[in-house]
Amino acid sequence: MQTYYDEKLKDYIISAGIPNWKITDVVANDDYTLLLTFITGEKKIFDFKPLLNEYPYQPLKNKGLFKQAFVCCGIAWNDEIDIDSEYLYENSNPIK
């Protein structure tokens, strides 16, 4: 366990460590897949196509917007569209 002071919260936080599903890098591909790199160095591919007809992901059918993916707590495209890193980790395929 680790204790640190969070400036945003103005409080001490106790952490059990960094989970495996923390994402360090993302590449959004033309075929609506995400190449994800996790804190462990593991690389996985997530196929986003099945989610493109679901709320709030419909705007990501626009490839220009889809390609703007960036790492935050998970992966986000703007203030309204994001997806959780744990979900991505559990539902993506390892690169062999």
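If you're wondering where the values come from, they're calculated on a predicted model, not measured in any experiment.

Undergrad: Quick question: what am I supposed to make of the packing of aromatic side chains here?
TA: To describe a pair of aromatic rings, you give the distance between the ring centres and the angle between the ring planes. Enumeration over the complete set of coordinates arrives at 8 aromatic pairs. Summarising the aromatic geometry, the rings of phenylalanine 46 and phenylalanine 48 are spaced 5.7 Å apart at their centres and angled 75 degrees between planes, so their arrangement reads as edge-to-face. Like phenylalanine 48, phenylalanine 46 is buried. Here phenylalanine 48 and tyrosine 57 contribute two aromatic rings whose centre-to-centre distance is 5.2 Å and whose plane-to-plane angle is 85 degrees, an arrangement assigned as edge-to-face. Each member of the pair, phenylalanine 48 together with tyrosine 57, is buried. Through successive ring pairs, a cluster of aromatic residues spans Tyr32, Phe46, Phe48, Tyr57, Phe66, Trp77 and Tyr87.

Undergrad: Sorry, what's going on with the pattern of salt bridges here?
TA: Where charged atoms from two side chains of opposite charge approach closely, those side chains can pair. Tallied over the entire structure, the rule returns 2 salt bridges. In this structure, aspartate 30 engages lysine 67 in a salt bridge whose closest nitrogen and oxygen atoms are separated by 3.3 Å. Separated by 37 residues along the polypeptide, aspartate 30 in the loop between β3 (23–28) and β4 (33–38) and lysine 67 in the loop between α1 (63–66) and β6 (70–71) bring together distant segments of the chain. By relative accessible area, which is 48% here, aspartate 30 ends up partly exposed. What makes lysine 67 partly exposed here is its relative accessible area of 41%. Aspartate 47 serves as the salt-bridge partner of lysine 49, at 2.9 Å between the closest nitrogen and oxygen.

Undergrad: Looking at this structure, how should I read a negative patch on the surface?
TA: A cluster of acidic residues, Asp82, Asp84, Glu86 and Glu90, forms a negative patch at the surface. With relative accessibility at 55%, the residue glutamate 90 sits in the exposed group.

Undergrad: Would you explain the pairing of β3 in this entry?
TA: The side chains of a regular strand alternate, first on one face of the sheet and then on the other. Direction of pairing for β3 relative to β4: antiparallel, over a ladder of 5 bridges. Following the sheet pairing, isoleucine 23 is matched in β4 by phenylalanine 38. Between β3 and β4, which pair antiparallel in sequence order, lie 4 residues; one of them, tyrosine 32, sits at a positive phi of approximately 65 degrees.

What counts and what doesn't
- Within each chain, residues carry numbers counting from 1 in the order of the written sequence.
- Per-residue local features are limited, in this predicted model, to residues with pLDDT of at least 70; the limit for side-chain atom pairs, both in listing and counting, is 80 or more; totals at the level of whole chains, interfaces and linings are taken over all residues.
- Just so you know, side-chain values use all the structure's heavy atoms and leave hydrogens and water out.
- Ring geometry is summarised as follows: Phe, Tyr and Trp rings, the Trp one being its six-membered ring, pair when their centres sit within 6.5 Å, and such pairs are stacked at plane angles under 30 degrees, edge-to-face over 60 and tilted between the two.
- Each residue is placed in one exposure class: buried if its accessible area under a 1.4 Å probe, protein chains only, is under 20% of its type's maximum, exposed if it is over 50%, and partly exposed if it falls in between.
- Here, a salt bridge means any side-chain nitrogen of Lys or Arg that lies within 4 Å of a carboxyl oxygen of Asp or Glu.
- Each helix corresponds to a stretch of at least 4 residues labelled H or I by DSSP, and each strand to a stretch of at least 2 residues labelled E; elements are numbered beginning at the N terminus.
- For patch detection, residues must exceed 30% relative accessible area and be free of salt bridges, and they are connected within 9 Å for like charges or within 5 Å for nonpolar side chains (Val, Leu, Ile, Met, Phe, Trp, Tyr).
- Note on areas: Shrake-Rupley, 1.4 Å probe, and residue coverage restricted to the protein chains presented here.
- In this tally, Asp and Glu contribute negative charge and Lys and Arg positive charge; neither His nor the terminal groups of the chain are included.
- Think of each charge as sitting on NZ of Lys, CZ of Arg, CG of Asp or CD of Glu.
- DSSP-based pairing: two strands are paired if at least 2 bridges between them are found.

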